[in-house]
Amino acid sequence: VLYYLEVNSPYGKPFGQGWYAPGSVVNFGIDSTIINRSNAHYRFLSWTGTGTGSYSGTNSSASVTLSVPIKEQANWDAEFLVETGSEPEGILSVPGTGWYRQGGQFTTIKAPDNLIVNQISYKFKGWKVNSQIVAGNPLTLVINEPKKIIADYSTDISVVITTSVGLGTKVIVDGEEKPAPY
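Scope of this entry: the structure provided in the associated data block. (Residues numbered from 1 in each chain as written. Predicted model: local features only at pLDDT ≥ 70, side-chain atom pairs only at ≥ 80, totals over all residues. Heavy atoms only, no water.)

1. Some remarks on the overall build of the chain
What counts here: Only runs of H or I of at least four residues qualify as helices and only runs of E of at least two qualify as strands under DSSP, and these elements are numbered from the N terminus. Two things to know: the radius of gyration comes from C-alpha atoms, and the globule rule equals 2.2 Å times the number of residues to the power 0.38. Note on exposure labels: buried denotes an accessible area under 20% of the residue type's maximum, exposed denotes more than 50%, and partly exposed covers the range between, all computed with a 1.4 Å probe on protein chains only. Throughout, a residue-residue contact means that at least one pair of heavy atoms, one from each residue, lies within 4.5 Å. The accessible surface values rely on the Shrake-Rupley method and a 1.4 Å probe; as for residues, cover is taken only from the protein chains in view. Charge assignment in this entry is limited to Lys and Arg as positive and Asp and Glu as negative, and neither His nor the chain termini are counted. Working definition for charges: the position is that of NZ of Lys, CZ of Arg, CG of Asp or CD of Glu.
On a plain count of helices and strands, the chain comes out with zero helices and 17 strands. The C-alpha atoms of the chain give 29 Å as radius of gyration, which overshoots the globular expectation for 182 residues (16 Å, by more than 25%). Counting all 182 residues of the chain, 33% fall into the buried class. Within the chain, counting contacts between residues at least 6 apart in sequence, those at least 24 apart form 52% of the total. Accessible surface computed for the chain: about 11300 Å², of which carbon and sulfur atoms make up 50%. In the chain, 13 side chains carry a positive charge and 15 a negative one; their mean positions are 2 Å apart.

As structure tokens, this is what we get:
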């Protein structure tokens, strides 16, 4: 008979997993306790073990004696980069760019409905979170991944043109036929 040691970790490279004879003393662990990516940081916290003789603790590697199947799960802490800004770039200063712990909350400022910058008028369309428009102003988010949060503004111009057109006259605006008010 053989017993299986299962070693799971969402980050890094775990070692020691496999089938072993009863009574085997097996070393297992994780190859790195800190993983830094450009928009995420991960820090090893502990192991949670299940099964008689399993290990639960903060050492990055440990030994177990297999008398039953054992499962070891690595626990990690994560921080994610939140980047803030506006579109068009620079028309509104949006505070909050920085690192946030996984599960933490981030709340935006209340974006003004209208802005005038360099004599150009802008209208607030909404908050973009990772390129998707999200309802709310201000907006509160749970940080569970890296996020790019942008106050999205447009320079759409409304133009009202009034004219008298005769019955049956075709009206075309920007290539699209519009119904005439008869």
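2. What to know about the pairing of strand β6 (residues 40-50)
Stated formally: The pairing criterion for strands is at least two bridges between them, as found by DSSP.
In this sheet, β6 lies alongside strand β5 (residues 34-36) in antiparallel orientation, the contact comprising three bridges. From the neighbouring strand, Ile35 faces β6, where its bridge partner is Tyr42. Where β5 folds back on β6, the antiparallel hairpin that results is connected by three residues. Of the pairings in the sheet, the one linking β6 to strand β8 (residues 70-87) comprises ten bridges and is antiparallel in character. Within the sheet, the bridge partner assigned to Ala40 lies in β8 and is Phe80.

3. Quick look at the packing of aromatic side chains
Applicable threshold: Pairing of aromatic side chains requires ring centres within 6.5 Å, counting the rings of Phe and Tyr and the six-membered ring of Trp. Pairs whose planes differ by under 30 degrees are stacked, by over 60 edge-to-face, and all others tilted.
Under the criterion given, the structure shown has eleven aromatic pairs. Aromatic pair Tyr4 and Trp19: ring centres 4.8 Å apart, planes at 55 degrees, arrangement tilted. Highlighted residues: Tyr4 in strand β1 (residues 3-8) and Trp19 in strand β3 (residues 18-20), separated in sequence by 15 residues. A residue is classified by how much of its surface remains accessible, and Tyr4, at 25% relative accessible area, is partly exposed. Judged by its relative accessible area of 59%, Trp19 is exposed. Their ring planes at 55 degrees and their centres at 5.7 Å tell us that Phe44 and Trp47 sit as a pair that is tilted. An aromatic cluster is defined as three or more aromatic residues linked by ring pairs; in this entry it consists of Tyr11, Phe28, Tyr42, Phe44, Trp47, Tyr55, Trp76 and Phe80.

4. As for the side chain of Ser154
Secondary-structure assignment places Ser154 in strand β15 (residues 147-154). In this structure, Ser154 is in contact with Ser121, Tyr122, Lys123 and Lys125, ignoring residues within four places of it in sequence.

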